[in-house]
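The lines below spell out each chain.
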Amino acid sequence: MIVFNLLAGALLLLTGFLSVYLRNAVHAALALAANFVVMGTVYMVLQARFLGWVQIIVYAGAIMVLFVFVIMLLHAAQAEVGFDPLPWMRPAALAVAAVGFLALAWALGAARAPLAAKASAALLKGGTALALGPELWNTWRYPVLLVAALLLVATVAAVALIRPGKEGA
Amino acid sequence: MLWQLFVTAVKALVLILALLFTFAYITWIMRRGLARFQVRLGPNRVGPAGLLQPIADAVKAIFKEDLTVARADRVLYWLAPLIAFTFALAAFAVIPVGPDGWVVANLDMGVLYVFAVSELAVYGIFLAGWASGSKYPLMGGLRSIAALVGYELALGMAILPVVLMAGSLNLQDIVAWQQTHGYFILWQFPAFLVYFVASLAEMSRTPFDFAEAEQELVAGFHTEYASMKFVSFYIAELLHWITGSALIATLFLGGWAAPFGLPQIPVLWLFLKWAIFIFLVLWIWASWFRTRYDQMIRFAWGVLLPAATVWFLITAYYVAKGGAL
């Protein structure tokens, strides 16, 4: 267990770092995909097994695949180096990052676990689909429906945008 | 705990050896079978009826020169066959070949595992396409991603009614449900049709083998690969065929359970049902044309997905009304 925790933590940090550090966009995307897979295993060990599989299927399987698809399609693997079209962006990004880190540090310091790990594990019931389904469709059904409606609207809008219109296209 | 780990490791080893052996002889079945369909003889010189041909092929592949393209991305060029091979081998782990214990990992969400692994396996294909630094492989890789997004959805939608009726994501439970209530191919024939067509794309077999369409793309994503790296892709590809057929047999044809009240013999019944689908795919392979990939994507989004969704809603209504469960 301790071995897994250490290994997963190290891998998460490493892949997270690599996904920012690597210059080649395909390599970075791949590091991020690896990060998602490790994250999925962490969820599973934390008794949220359904969430773990969904993390791997949706994030590593679908979303990262689309990322890589776009990168490959646009030949955008190599970032342009040496030319900075937005020179004011660097200090601004640094400032935002600093604020973000401070906020994270504050959140970490102020956070109190709502339940001890043992108590929450009992509530999760292994985090299987059988335990999650009733919860999702009874207690949280309106949020679920709202999210579904939002995604549907987004899909319809995306399809409408790429439809060959009357003018041009 | 340690003992359990040991047992699982031994099971996994047996499974891997069995899969690799099956792979070796599926190449023979494939070549002889395709030859029969095309009124040829096929490989028949090495050993009786060409039975030693796979060994000859293996020796030849090992001693071939292993080229690396100058413009290749070194790391990913090496990694891609490894990814494809590993995930192709791993997918079979949750498919039960007999009653309790006759499965490497009896996961409570085995269906999700198969999905996750088969999606990750596609990384091998398109990374190979990209890392080769050559245009035909790149096009093959792009096609495979575009297709993946289309057929994975249809595949998922076609599994959902089965899961809904069986009330479980565990493959052992799905087999048990079929033993008491009858095979899903009877209950869920529309879902079976969608699933079978979509899994032809998943296995990248005719009519959906456009990722390596030899007339247009030389050999698609593995054009620039030779020797054992090529063999890794070849193994991965045929393993998708092997595992996909076993999965259809498990989901829709009762899996390892014996039909008509015949004696339960582990492995045997799954093997026979699996052989039906292996042959069916080979038959389609030998007698059909390859679709254009944009047509396949339109078909996946415009026909398979809506059909599967409608059928899913019908099943959901039926189950909600208290049928079957």
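From a predicted model like this one, the values you see are computed outputs, not experimental measurements. (Residues numbered from 1 in each chain as written. Chains lettered and ligands numbered in written order. Predicted model: local features only at pLDDT ≥ 70, side-chain atom pairs only at ≥ 80, totals over all residues. Heavy atoms only, no water.)

K.L.:
Please explain the domain arrangement of chain B as it appears in this structure.
P.N.:
Think of interface size as the accessible area that goes away when the parts come together; that is how it is often given. Residues and elements named next belong to chain B. Annotation of chain B at the domain level lists domain 1 (1–63) and domain 2 (65–323). Each of domain 1 and domain 2 has a C-alpha centre, and the two are 19 Å apart. Taken together, the contact pairs 19 residues of domain 1 with 24 residues of domain 2. For the pairing of domain 1 and domain 2, the buried interface totals around 1900 Å² over both sides, and the portion due to carbon and sulfur atoms is 86%. Among the residues of domain 1 in contact with domain 2, Leu19, Phe23 and Phe37 are the three that bury the most area, contributing 29% of the side total. (Domains from an automatic or database assignment. Contact = heavy atoms within 4.5 Å. Buried area = accessible area lost by both parts, 1.4 Å probe.)

K.L.:
What is the right way to read the side chain of B:Gln178 from this model?
P.N.:
All names here are of chain B. Relative to the assigned elements, Gln178 resides in helix α6 (residues 171–181). Polar contacts involving the side chain of Gln178 include one to the main-chain amide nitrogen of Gly254, which spans 3.0 Å. Excluding its chain neighbours within four sequence positions, the residues that come into contact with Gln178 are Tyr183, Phe184, Thr250, Leu251, Phe252, Leu253 and Gly254. (Helix = DSSP H or I, 4+ residues; strand = E, 2+ residues; numbered from the N terminus. Polar contact = N/O pair within 3.5 Å; in protein donor to acceptor, adjacent residues only side chain to side chain.)

K.L.:
Before we go on, may I ask you to explain the packing of aromatic side chains in this structure?
P.N.:
Aromatic ring pairs are described here by two measures, namely the spacing of the ring centres and the angle between the planes. Residue and element names in this part refer to chain B. Enumeration according to the criterion identifies 24 aromatic pairs over all chains in this entry. With 4.4 Å between their ring centres and 10° between their planes, Tyr77 and Tyr225 make a pair best called stacked. Linking Tyr77 in helix α3 (residues 74–90) with Tyr225 in the loop between α9 (214–217) and α10 (227–252), this pair joins segments that are 148 residues apart in sequence. For the pair Tyr77 and Tyr225, a shared accessibility class is recorded, and that class is buried. (Phe/Tyr/Trp six-rings, centres within 6.5 Å; stacked < 30°, edge-to-face > 60°. Buried < 20%, exposed > 50% of the residue type's maximum accessible area, 1.4 Å probe, protein only.)

K.L.:
I tried to follow helix α4 (residues 110–131) of chain B on my own but got confused; where do I start?
P.N.:
Residues and elements named next belong to chain B. Taking 1.5 Å of rise per residue, 22 residues should cover 32 Å, and α4 covers 32 Å from first to last C-alpha, within 8% of that figure. Within α4, 22 of the 22 residues are buried, leaving the element largely enclosed by the surrounding structure. Just downstream of α4 lies Gly133, where phi reads positive at about 65°. (Expected span 1.5 Å × (residues − 1).)

K.L.:
Is there a simple way to think about the confidence of the model for chain B in this case?
P.N.:
Parts of the prediction with low pLDDT should not have their coordinates interpreted in detail. For chain B, per-residue confidence averages 85 on the pLDDT scale, and residues scoring 70 or more make up 96% of the total. Per the prediction output, this complex has pTM 0.84; the corresponding ipTM is 0.81. (pLDDT = per-residue confidence, 0-100.)

K.L.:
Any chance you could explain the interface of chain B and chain A here in plain terms?
P.N.:
Counting residues at the interface gives 24 residues for chain B and 27 residues for chain A. Of the roughly 2100 Å² buried between chain B and chain A, counting both surfaces, carbon and sulfur atoms make up 83%. Between chain B and chain A we count one salt bridge in total. A salt bridge links A:Arg49 to B:Asp108; its shortest N-O distance comes to 2.7 Å. (Salt bridge = Lys/Arg side-chain N within 4 Å of Asp/Glu carboxyl O.)

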